[in-house]
2 protein chains.
Amino acid sequence: MADSWVNLAESLGADLHLELTGPGSRRAVLMRALRDAVRSGRLAPGTKLPPYRSLAADLRIARNTVADAYAELVAEGWLTARQGSGTRVAQKASPPPGRGKAAPVAPVRGQRTPARRPRPTYDLVQGQPDPSAFPRGAWLASARRALTVAPHDAFGPGDPRGRAELREALAEYLARVRGVRTTPARIVVCSGAAHALRLLAAVAGGRSRLWAVESYGLPFHRGLLAGAGVPTVPLTVDEHGARTAELETPRKIGVVLLTPAHQFPTGGPLHPERRAAVVDWARSTGALVLEDDYDGEFRYDRQPVGAVQSLDPDRVVLMGSVSKSLSPTLRIGWMVLPEQLVDDIVTAKGEREQWSSATEQLTLADFIASGAYDRHVRKMRQRHRRRRDQLTAVLAERAPQVRVTGIAAGLHAVLRLPPGTERAVVKAAAWQGLAVEGLADYRHPDFPADGRDGLVVGYATPPEHTYGGALDALCRSLP
Amino acid sequence: MADSWVNLAESLGADLHLELTGPGSRRAVLMRALRDAVRSGRLAPGTKLPPYRSLAADLRIARNTVADAYAELVAEGWLTARQGSGTRVAQKASPPPGRGKAAPVAPVRGQRTPARRPRPTYDLVQGQPDPSAFPRGAWLASARRALTVAPHDAFGPGDPRGRAELREALAEYLARVRGVRTTPARIVVCSGAAHALRLLAAVAGGRSRLWAVESYGLPFHRGLLAGAGVPTVPLTVDEHGARTAELETPRKIGVVLLTPAHQFPTGGPLHPERRAAVVDWARSTGALVLEDDYDGEFRYDRQPVGAVQSLDPDRVVLMGSVSKSLSPTLRIGWMVLPEQLVDDIVTAKGEREQWSSATEQLTLADFIASGAYDRHVRKMRQRHRRRRDQLTAVLAERAPQVRVTGIAAGLHAVLRLPPGTERAVVKAAAWQGLAVEGLADYRHPDFPADGRDGLVVGYATPPEHTYGGALDALCRSLP
């Protein structure tokens, strides 16, 4: 969608610009702009939005597009629509006493920041583990051990690659658990997968401005690449993962971003033949494979699928983090790099601003090396599997017509829906007080709608005591 | 200096590009490019550099410029020069056993990363507290208390403004200790002063592309602003701080960056009349004042000078961090913002990638609220004062001709030198195994050389047991 601005000052009596820019359909772009305006506080809670007809005229886009965007944002809880009162920005939750003025803060899809937004009663949006499962005691024990034995230089200026203790612990752990072939010298610590992707876009983006991504994936990652000036083309995703044969195109693709362990979000592992094929393709074309190993540890029905990285450590970058396994608030991730990329990544990482806290890195190093990380992952795997089994059992009983897919691994499942029903179901869920996302939200904007309707159900998200209620609300929303 | 590249492949037998770009004199730009090449490992330890005549010819710059750059880098420990052997990249220190391959990592001025570079015996480069002074026990006690009482949402997605607990603790602390007028809602946590400056450049840069900075200041900050597309003009610094009258120019200045508590690096506090004047100027022109309160807590001879922010919280942004008071490795800083900037800064801060670890934020909140931070600052203030007194006593005895300035506060002093001697003294210090910086390194490139020769002596940097030796080496280097 071409960049365009609209000034809502007249209709709102306030100075508000909507910047309609970035990737995606018109509806998606408008929704993002409205979310941004609410999140930043420019559209205050209770503000009445212009009627969709006026906004459509101002923006010179179809009325249905605006009406759809309004309806979706109502479903997501950003806006409210009441008979006779028009469409308004939803009221924020009251700030807790003594906490100062609360600015409206609301979720970003794929990397959510729901503090203080009007929360739905139940949350099955994928993307984060239940925060109440954080292993406080074990983490503190690691902090105590790590800070007690740390050399003084731990509190000095630091190393842009990350603490050596952590890189050593990661090298050992990733080799053992994920079959990764590396040395500590080829690991660079970063703040998470998004940081890794941004650094890689800066370094490897220059090789080729064209990257391939999966036709279904995190919009946040695509947006990040678009922001870095890296155009992406979608690879069709089927039950064996991404169709790697589509990499053989006349257009030169320099980098491919994949989720081989558990395709995100549709859920299958990349087929062994395709694993080999993508590495062969990278070798023969000089391209680079980025392996987003976002939930490689959470496999339930058999041994984890090893990392594609092990097939060729000079052609594959493995990216991981503790965001799914421990907590996204720790802001620690890693890249396992081909040797020739290490220096460029360190240079791109730049000044200390972008580094992770050394004390947290030391704590995580101890947490991994002491075996506490293994124990925590095992415990969470059991809990996730129990939740997954509960989900499938409830659905088998109450919605047997719904097929549940992508459940061999991970923290979410995909519920396949009859074509054309997805948006209605998401809205119905919102009426049930349930936040959940549709598969369409993850589709690459250049990938044709393929009639694949579905819900992405993050079964690891809610705290234990609300999980049953969330499943009940889910069943009541299904067709 | 215009962008230009030189390929040293022929002279080095390896593929090396020097990118001569960015702000500063030709000498400064060349030095930065060489430092970057060494730091990134592209110029390996022991690599012989081309003779300065050849490099000057390749780069089409004056021979003296290259010769000077080589000499300075020898003085700083990046290069070595031996009769008959030419100029080479200095050998790195051997990596500790079992730590994998150590890439050469060397200091960035102003924000240094000296892990594993060939370290001089003594280090009086300003910029960081002695890492052995980190209060491990008290920090761990705070971590234990904080993680024990933290609500579950501490391990969830988080708040882009930073944890409320920390913003509350900071609001109380900054009001009490620095006279800052704020509420927690106007504080945004970031990863340090550089992060704050980058966010402010993104948000306030748009108001006016012209910022005023002090004629002496951190090159790193100027470089960061240049990188963000913000041109800077220098304000003359004298014994009363920056000459705020120079803000009244025909060119419209939209933002001024100052170090009012203790001008960095020359050392005086901003005169009370100028404090009032800069706020008046900001009010009358609609401009913004950025107050870099980098060492506001370390004042020795009388009560700390309150923050300029207190004169007008709607016109002044205060930036601070724990980098000088606790450790730069924690990566926690803050901005106290005018209310109307908060939302824009939160938006500019963007996705979680840029946030600080929530567990560290909670730990710091407890550390401040429990009084441990006050105790630590008091202890460090005593230690810094003792070191400062030792410095002045030693100099009074052994180099009475050297005037010591800027010592009422902070973690460094400026030793004034006879005009024209500064670079020779820095080199002499290097021969004594002492790393120390000259005042010229901090001068704004557009500010005329004013014959102010001096050394910037970071007396808080060395560990206790080497401080005496460092002072001895310093005295032996002085003219």
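Data block above holds the structure.
Residues numbered from 1 in each chain as written. Chains lettered and ligands numbered in written order. Predicted model: local features only at pLDDT ≥ 70, side-chain atom pairs only at ≥ 80, totals over all residues. Heavy atoms only, no water.

### Quick look at the overall build of chain A
To keep it simple, the criterion reads: Note on conventions: DSSP H or I runs of at least 4 residues are helices, E runs of at least 2 residues are strands, and numbering of each starts at the N terminus. Three exposure classes are used, based on accessible area relative to the maximum for each residue type with a 1.4 Å probe and protein chains only: buried under 20%, partly exposed in between, and exposed over 50%. Pairs of residues are marked as contacts when any of their non-hydrogen atoms sit within 4.5 Å. To measure how exposed things are, a 1.4 Å probe is used in the Shrake-Rupley method; for residues, cover is taken only from the protein chains shown.
Looking only at helices and strands, chain A features 14 helices and 19 strands. Within the span of chain A, comprising 479 residues, buried residues form 60% of the whole. For chain A, the proportion of contacts with a sequence separation of at least 24, taken over those separated by at least 6, is 72%. Carbon and sulfur atoms make up 51% of the accessible area of chain A, which totals about 17700 Å².

### Description of the sheet that holds strand β16 (residues 413-417) of chain A
Residue and element names in this part refer to chain A. To keep it simple, the criterion reads: A pair of strands is considered paired only if DSSP assigns at least 2 bridges between the two. For helices, the fitted line uses only the C-alpha atoms of the stretch in contact; every axis is such a line through C-alpha atoms, and the angle between N-to-C directions lies from 0 to 180 degrees.
The antiparallel open sheet is built from 4 strands, whose spatial order is β15-β16-β19-β18. What marks the edges here is a single partner per strand, and that holds for β15 (403-405) and β18 (437-438). Where β18 meets strand β19 (residues 453-457), 2 bridges bridge the pair, whose relative direction is antiparallel. Within the sheet, the bridge partner assigned to E437 lies in β19 and is V456. Packing against the sheet, helix α13 (residues 422-431) makes contact with β16, β18 and β19, and its axis sits at approximately 35° to β19.

### What about the packing of helix α5 (residues 136-149) of chain B against helix α11 (residues 358-369) of chain B?
Residue and element names in this part refer to chain B. Put simply, the rule reads: Orientation labels follow simple angle bins: below 35 degrees gives roughly parallel, above 145 gives roughly antiparallel, 65 to 115 gives roughly perpendicular, and whatever is left gives oblique. Side-chain classes follow a simple rule in which Ala, Val, Leu, Ile, Met, Phe, Trp, Tyr, Cys and Pro form the nonpolar group, Asp, Glu, Lys and Arg form the charged group, and the remainder, Gly included, forms the polar group.
Remark: α5 packs on α11, axes separated minimally by 8 Å, with the N-to-C direction vectors making an angle of 110°. Taken together, the axes of α5 and α11 lie roughly perpendicular to each other. The segment α5 lies against α11, with A138, W139, S142, A143, R145, A146 and L147 engaging T359, E360, L362, T363, L364, D366 and F367. Residue classes in the contact of α5 with α11 are distributed as 8 nonpolar, 3 polar and 3 charged.

### A short note on the pairing of strand β8 (residues 232-235) of chain B
Residues and elements named next belong to chain B. Of the two faces of β8, both are covered, the one formed by T232 and P234 as well as the one formed by V233 and L235. Pairing analysis gives 4 bridges linking strand β7 (residues 211-214) to β8, with the strands arranged parallel. Bridged to E214 within β8 is L235.

### Focus on the packing of aromatic side chains
Any pair of aromatic rings gets described here by the distance separating the centres and the angle formed by the planes. Heads up, the condition is: Two aromatic rings from Phe, Tyr or Trp, using only the six-membered ring of Trp, form a pair when their centres are within 6.5 Å; if the ring planes differ by under 30 degrees the pair is stacked, by over 60 it is edge-to-face, and anything between is tilted. The rule is short: NZ of Lys or CZ of Arg within 6 Å of the ring centre and within 35 degrees of the ring normal puts a charge over the ring.
Evaluated as defined, the whole model comprises 16 aromatic pairs over all chains. Ring plane angle 75° and centroid distance 5.1 Å describe the contact between Y173 of chain A and Y373 of chain A, whose orientation is recorded as edge-to-face. Here Y173 of chain A is found in helix α6 (residues 164-178), whereas its partner Y373 of chain A is found in helix α12 (residues 372-398), with 200 residues between them in sequence. Through a chain of ring-to-ring contacts, three or more aromatic side chains come together here, namely F134, W139, Y173, F367 and Y373 of chain A together with F155 of chain B. The ring of Y467 of chain A carries the charged tip of R387 of chain A above its face, separated from the ring centre by 4.9 Å.

### Concerning the side chain of T236 of chain A
All names here are of chain A. The condition that has to hold: By the criterion applied in these results, polar contacts are pairs of N or O atoms within 3.5 Å in which, for protein atoms, one can donate a hydrogen and the other can accept it, and in which residues neighboring in sequence qualify only through two side-chain atoms.
Mapped onto the elements, T236 comes out in the loop between β8 (232-235) and β9 (237-238). Polar contacts involving the side chain of T236 include one to the side chain of E246, which spans 2.7 Å. Each residue touching T236, except ones within four places of it in the same chain, is listed here: S215, G241, A242, R243, E246 and F447.

### Section: unusual backbone geometry
With an omega dihedral of 5°, the bond running from F264 of chain A to P265 of chain A counts as a cis peptide bond. You can see P265 of chain A is positioned in the loop between β11 (255-258) and α9 (272-285). With a phi close to 55°, R331 of chain B is a non-glycine residue in the positive phi region. Within the secondary structure, R331 of chain B is located in the loop between β13 (316-321) and β14 (333-336).

### Considerations on the packing of helix α6 (residues 164-178) of chain B against α11 of chain B
All names here are of chain B. As a reminder of what qualifies: Each crossing is labelled by how the near helix is turned from the far one, with a counterclockwise turn of less than a right angle marking it left-handed and a clockwise turn marking it right-handed.
It is at 8 Å that the axes of α6 and α11 come closest, and there the two elements cross at 30°. As summarised for this structure, α6 and α11 are arranged roughly parallel, according to the angle between their axes. α6 and α11 meet at a crossing whose hand is left-handed. Contacts from E165, L166, A169, L170 and Y173 of α6 reach α11 at Q361, L362, L364, A365, I368 and A369. Considering only residue class, the contact of α6 with α11 consists of 9 nonpolar, 1 polar and 1 charged.

### Looking at helix α5 (residues 136-149) of chain A
Applicable threshold: Between the first and last residue of a helix there are one fewer steps than residues, each counted as 1.5 Å, and that sum is the expected span.
If you check α5 of chain A, its first and last C-alpha atoms are 20 Å apart, about what 14 residues at 1.5 Å a residue would give, namely 20 Å. Inspection of α5 of chain A places R136, W139, L140, A141, S142, A143, A146 and L147 of chain A among the buried residues, and these make up the whole buried set. On its buried face, α5 of chain A is in contact with α11 (358-369) of chain A together with α5 and α11 of chain B.

### Some remarks on the pattern of salt bridges
When the charged atoms of two side chains lie near each other, side chains of opposite charge can form a pair. Cut-off, in case you're wondering: A pair is scored as a salt bridge if a Lys or Arg side-chain nitrogen falls within 4 Å of a carboxyl oxygen belonging to Asp or Glu.
Inspection of the entire model under this criterion finds 45 salt bridges over all chains. The shortest N-O distance in the salt bridge between R161 of chain B and D159 of chain B comes to 2.9 Å. Residues joined by salt bridges that share partners form a network here, namely D130, R383, R386, R387 and E464 of chain A.

### Looking at the environment of R209 of chain A
Residues and elements named next belong to chain A. Among the structural elements, R209 can be located in the loop between α7 (193-204) and β7 (211-214). Residue classification places R209 among the partly exposed residues on the basis of a relative accessible area of 41%. Expressed as a C-alpha distance, the spacing of R209 and T232, which sit 23 residues apart in the sequence, is 8.5 Å. Apart from the residues within four sequence positions on either side, R209 is in contact with A228, G229, V230 and P231.

### Side note on helix α9 (residues 272-285) of chain B
All names here are of chain B. Spelled out, the test is: As used here, the arc belongs to the directions running from the helix axis to the C-beta atoms.
Given a rise of 1.5 Å per residue, 14 residues ought to cover 20 Å, and the 20 Å separating the end C-alpha atoms of α9 matches this to within 8%. Turning to α9, its buried residues number three or more, namely R274, R275, V278, V279, W281 and A282. One side of α9 carries all its buried residues, which in axial view fall inside an arc of 155°. Relative to its buried face, α9 has exposed residues pointing more than 90 degrees away, namely P272, E273 and S284. Contact partners of the buried residues in α9: β9 (237-238), β10 (241-242), β11 (255-258), β12 (288-292) and β13. G286 sits one or two positions beyond α9 and adopts a positive phi of about 75°.

### Topic: the environment of D295 of chain A
Checked against the element boundaries, D295 of chain A lands in the loop between β12 (288-292) and β13 (316-321). If we ignore the near neighbours within four places in the chain, the residues touching D295 of chain A are H262, A409, G410 and L411 of chain A.

### A closer look at the sheet that holds β12 of chain B
Residues and elements named next belong to chain B. Reading across from one edge, β6-β14-β13-β12-β11-β7-β8 is the order of the 7 strands in this open sheet, with mixed pairing throughout. Edge positions in the sheet fall to β6 (187-190) and β8, since each has one partner strand and no second. The mean angle between the axes of side-by-side strands here comes to 20°, regardless of whether they run parallel or antiparallel. Sheet topology places β7 next to β11; 2 bridges connect them, and they run parallel. Each residue of the ladder has a partner; that of W211, found in β11, is V255.

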